[in-house]
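Given next are the chains, with one letter for each unit.
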Amino acid sequence: MPARAVLSGTISFGLVSIPVKFFTAASSEQVSFNMLHKKCGGRLKMQFFCPTDNEVVERSDTFKGYEYARGQYVTFTEEELKSLEAERGGSIEITEFVPVTSVDFVQVEKTYYLGPDKGGDKAYRLLGEAMTAKGRVAVGRWSARGKEQVVLVRPYDKDGLILHQLFYSNEVRAFSEIDTGVTFTFSEKESDLAQKLIEELGTDAFDATKYVDSFSERVKGAVDQKVDDPAPETKEAFRVQPIQYQW
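The structure presented is a predicted model; accordingly, all values stated were derived computationally and were not measured. (Residues numbered from 1 in each chain as written. Predicted model: local features only at pLDDT ≥ 70, side-chain atom pairs only at ≥ 80, totals over all residues. Heavy atoms only, no water.)

### Considerations on the overall build of the chain
Along the backbone of the chain there are four helices and eleven strands. A compact globule built from 247 residues should have a C-alpha radius of gyration of about 18 Å, whereas the chain, at 26 Å, is more than 25% larger. Based on the C-alpha atoms only, the size of the chain along its principal axes is roughly 70 × 65 × 50 Å. Taking all contacts inside the chain whose residues are at least 6 apart in sequence as the whole, residues at least 24 apart take part in 57%. Of the roughly 21,000 Å² that the chain leaves accessible, carbon and sulfur atoms contribute 53%. Of the charged side chains in the chain, 31 are positive and 38 negative; the average position of the first set lies 4 Å away from that of the second. (Helix = DSSP H or I, 4+ residues; strand = E, 2+ residues; numbered from the N terminus. Rg over C-alpha atoms; globule rule 2.2 N^0.38 Å. Contact = heavy atoms within 4.5 Å. Areas by Shrake-Rupley, 256 points an atom, 1.4 Å probe, with all protein chains shown as cover. Lys, Arg positive; Asp, Glu negative; His and termini not counted. Charge placed at Lys NZ, Arg CZ, Asp CG, Glu CD.)

Okay, structure coming up:
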């Protein structure tokens, strides 16, 4: 079954305009649980609670506020917030082309596959080939859902394009804040041993299909067993044996 587009938009730079479609590149398949009431087994609902009035508040009786100081808020109506939103045109405005080696992919927040929309096939393919030839990727602004995002567009999988929605620079913590521990000087023997271990485990390429979410698989297996046999199981039935590592 062909993928279904979730958004549409236009890549523009200079006098060039390329209509594109957005496709979800990845989505979590991790298992999730609902909170149930011990007394009756019913699913619980989230509620808004006001500690000042000691009462549950309906969503219709709420409005939004920004805390500018501890316990002090500037309030906004929905109309005021809408007036602050960026234009919802879905346009990707390319502002520069940069070497791919200059991009730090720690900034990537979300990824979309891009496909050509009606009439955009030739320009779509030409942009990808030109960026590949120059070893550059496109950086630009994307207005979607009322917010302006910084994005990266790059060639992908030979003939395609992919879009990375990026965190802004002030949203990424500096690695210099991380304590990397004490500095060591390693002996030649230690370095050779470490490199030998890497070579022994080395492969030609990363194959993501070799790795599966074993926790989700175990949970789904336990769910199937509980559905087929609702009787209580012993703790040993689903006990996971820890892996022993030797260094």
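After presenting the structure, the write-up continues.
### Details of the confidence of the model for the chain
For the chain, the mean per-residue pLDDT works out to 88, and 92% of the residues sit at or above 70. When pLDDT is averaged over each element of the chain, strand β11 (residues 160–166) comes out on top at 95 and helix α1 (residues 78–84) at the bottom at 87. Taken as a whole, residues 243–247 scores under 50 in pLDDT and shows zero contacts with residues more than four places along the chain or in a different chain. (pLDDT = per-residue confidence, 0-100.)

### Structural notes on the pairing of strand β6 (residues 72–76)
As paired elements, strand β5 (residues 64–69) and β6 share five bridges and run antiparallel to each other. Across the sheet, the residue bridging to Ala69 is Gln72, located in β6. Where β5 folds back on β6, the antiparallel hairpin that results is connected by two residues, among which Gly71 adopts a positive phi of roughly 75°. (Pairing = 2+ DSSP bridges.)

### Points about the environment of Lys158
By the element assignment, Lys158 lies in the loop between β10 (147–156) and β11. Since its relative accessible area comes to 80%, Lys158 is described here as exposed. Along the sequence, Lys158 and Thr183 sit 25 residues apart, while their C-alpha atoms lie 42 Å from each other. (Buried < 20%, exposed > 50% of the residue type's maximum accessible area, 1.4 Å probe, protein only.)

### Points about the nonpolar core
Counting 18 residues, the largest nonpolar core has Ile11, Ile92, Leu114, Val153 and Leu163 as its most contacted members. If you list the elements that add at least two residues to this core, you get β2 (16–24), β7 (91–99), β8 (108–116), α2 (121–134), β9 (136–144), β10 and β11. The residues touching Leu114, leaving out its near neighbours within four places in the chain, are Ile11, Val20, Lys21, Phe22, Tyr124, Val153, Leu161, Ile162 and Leu163. Core analysis: the second largest hydrophobic core is formed by seven residues, Val103, Val137, Val139 and Val150 among them. (Core = buried A, V, L, I, M, F, W, Y, C linked by side-chain atoms within 4.5 Å.)

### Regarding the side chain of Gln149
Tracing the chain through its elements places Gln149 in strand β10. Of the polar contacts made by the side chain of Gln149, one reaches the side chain of Gln165; its length is 3.5 Å. Ignoring anything within four residues of it in the chain, the contact list for Gln149 reads Glu109, Gly140, Arg141, Trp142, Gln165 and Tyr168. (Polar contact = N/O pair within 3.5 Å; in protein donor to acceptor, adjacent residues only side chain to side chain.)

### Re a negative patch on the surface
Together, Asp53, Glu55, Glu58 and Asp61 line one region of the surface with negative charge. On the secondary structure map, Asp53 appears in the loop between β3 (48–50) and β4 (55–57). (Patch = residues over 30% accessible without salt bridge, like charges linked within 9 Å, V, L, I, M, F, W, Y side chains within 5 Å. Salt bridge = Lys/Arg side-chain N within 4 Å of Asp/Glu carboxyl O.)

### Description of the packing of aromatic side chains
Within a pair of aromatic rings, the relevant descriptors are the distance that separates the centres and the angle that separates the planes. Under the definition given, this model contains seven aromatic pairs. Ring pairing ties together the aromatic residues Phe22, Tyr112 and Trp142, which thus form one cluster. (Phe/Tyr/Trp six-rings, centres within 6.5 Å; stacked < 30°, edge-to-face > 60°.)

### So, the pattern of salt bridges
Within this structure, the stated rule accounts for two salt bridges. Note that Asp117 and Lys21 form a salt bridge whose closest N and O atoms lie 3.9 Å from each other. On the criterion of sequence distance, the pair formed by Asp117 in the loop between β8 and α2 and Lys21 in strand β2 is long-range, its members being 96 residues apart. A salt bridge links Glu177 to Arg173, with the shortest nitrogen-to-oxygen separation between them at 3.0 Å.

### Considerations on the environment of Lys220
Relative to the helices and strands, Lys220 resides in helix α4 (residues 214–228). Through-space distance from the C-alpha of Lys220 to that of Val31 is 8.0 Å; in sequence the pair is 189 residues apart.

### Concerning the sheet that holds β8
Pairing within the closed barrel is mixed, and its seven strands lie in the order β1-β2-β8-β11-β10-β9-β7. In this sheet, adjacent strand axes meet at a mean angle of 40° when their direction is disregarded. By the bridge criterion, seven bridges tie β10 to β11 in an arrangement that is antiparallel. When the bridges of β11 are listed, Val153 appears paired with Leu163. (Axes fitted to C-alpha atoms, helices over the stretch in contact; angles between N-to-C directions.)

### A look at α2
Taking 1.5 Å of rise per residue, the 14 residues of α2 would be expected to cover 20 Å, and the 20 Å separating its terminal C-alpha atoms lies within 8% of that figure. Those residues of α2 that fall on the buried side of the exposure criterion are Tyr124, Leu127, Gly128 and Met131. Down the axis of α2, the buried set is contained in an arc of 95°. They therefore lie on one face. Residues Lys122, Leu126, Glu129, Ala133 and Lys134 are exposed on α2 and point more than 90 degrees away from its buried face. Positive phi appears at Gly135, one or two residues downstream of α2, with a value of about 65°. (Expected span 1.5 Å × (residues − 1). Arc of directions from axis to C-beta.)

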